[in-house]
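Listed below, chain by chain, are the residues.
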Amino acid sequence: MIFQSTADYVAAPELGVAVNAAVRLGRPLLVKGEPGTGKTELARQVAAGLGLAFLEWNVKSTTRAQQGLYEYDAVSRLRDSQLGPGMGAERVGDVSNYIRKGKLWQAFEAPERVVLLIDEIDKADIEFPNDLLQELDRMEFHVYETGETVRARHRPVVIITSNNEKELPDAFLRRCFFHYIRFPDAETLSRIVRVHFPDIKDRLLSVALAEFLEIRETPGLKKKPSTSEVLDWIKLILAEDLAPEDLRRDANRIMPRLHGALLKNEQDVQLFERLAFLDRGGRRG
């Protein structure tokens, strides 16, 4: 067992249960949740809690699964082959000089177990998760250019995050243990804000979070503001030295103060403008 009790992982005891289960099963831990809920930071905390080295593979829309294994730079090898003695041509005979190890390779050859984070897997194309399946299952892969097979010395703790922006293949999901990070409640959100702004006054924090949560739960909102956005909003509130009364909306001002930190598309801005039009008679009196 990785975490012996909730005291071993105070920030999220249920995550300790998920990590233990994933390690026992030899499966990746798939962590989903809204952007800004701390998925990446949780992976870092798992590594710190276990006392293991941490490797991070940030997935982009152009990322291919092969890049996690290795990349072969054929162009550089061709260029070196055209150089004279002493100018790089002597490197050409050893193909390993042109192979760059990816994060999976680094995790597999590490002398001790590591935590490998594959961050935001849903940014890549739909084939990316399936292309990882064999390597994650077998903990080995073949390097065609050198003929070697790279086998994991230790099975890494693999944590994969997703913002839930696209559906992941069923075959991939079957091979993962799943953990969902819920959006924090008001009390937890208050603690998060205080970590970033320890000197914020109680009443300002209380009013700001009440306004934020009401905005977030407005019916018809296309994109709910996340924790990262409320932190940006409160940073601006403090920079503008606004008072709690400045944040309250009423019949004359239903648009949130500094709403550009919270509302990130024109549909949601228009939604609040419509609410302002409909509620002129005294929404909050």
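Look up: the structure comes first, before these words.
The model shown is predicted, which means the values in this text are computed figures rather than measured ones. (Residues numbered from 1 in each chain as written. Predicted model: local features only at pLDDT ≥ 70, side-chain atom pairs only at ≥ 80, totals over all residues. Heavy atoms only, no water.)

Caption draft 1: Structural detail: the overall build of the protein chain. Per the secondary structure count, the protein chain includes 12 helices and 9 strands. Split into buried and exposed, the 285 residues of the protein chain put 43% on the buried side. Put simply, 71% of the contacts in the protein chain that link residues at least 6 apart link residues at least 24 apart. When the accessible surface of the protein chain is split by element, carbon and sulfur atoms take 50% of a total near 15,500 Å². (Helix = DSSP H or I, 4+ residues; strand = E, 2+ residues; numbered from the N terminus. Buried < 20%, exposed > 50% of the residue type's maximum accessible area, 1.4 Å probe, protein only. Contact = heavy atoms within 4.5 Å. Areas by Shrake-Rupley, 256 points an atom, 1.4 Å probe, with all protein chains shown as cover.)

Caption draft 2: Just the environment of Gly33, in detail. Structurally, the position occupied by Gly33 is in the loop between strand 1 (29-32) and helix 2 (39-50). By relative accessible area, which is 2% here, Gly33 ends up buried. Once the C-alpha coordinates of Gly33 and Arg182 are considered, the two residues, 149 residues apart in sequence, prove to be 6.4 Å apart. Those residues in contact with Gly33, other than ones at most four positions away along the chain, are Lys39, Ser162, Asn163, Tyr180 and Ile181.

Caption draft 3: Local environment of the packing of helix 9 (residues 202-216) against helix 10 (residues 227-239). Where helix 9 contacts helix 10, the two axes come as close as 11 Å, and the packing angle between them is 135°. Taken together, the axes of helix 9 and helix 10 lie oblique to each other. For the pair helix 9 and helix 10, the sense of crossing is right-handed. Taken together, the residues of helix 10 that come into contact with helix 9 (itself represented by Leu204, Leu205, Ala208, Leu209, Glu211 and Phe212) are Val230, Trp233, Ile234, Ile237 and Leu238. Here the contact of helix 9 with helix 10 is built from residues that sort into 10 nonpolar, no polar and 1 charged. (Axes fitted to C-alpha atoms, helices over the stretch in contact; angles between N-to-C directions. Parallel < 35°, antiparallel > 145°, perpendicular 65-115°, else oblique. Left-handed = near helix turned anticlockwise from the far one by under 90°. Nonpolar A, V, L, I, M, F, W, Y, C, P; charged D, E, K, R; others polar.)

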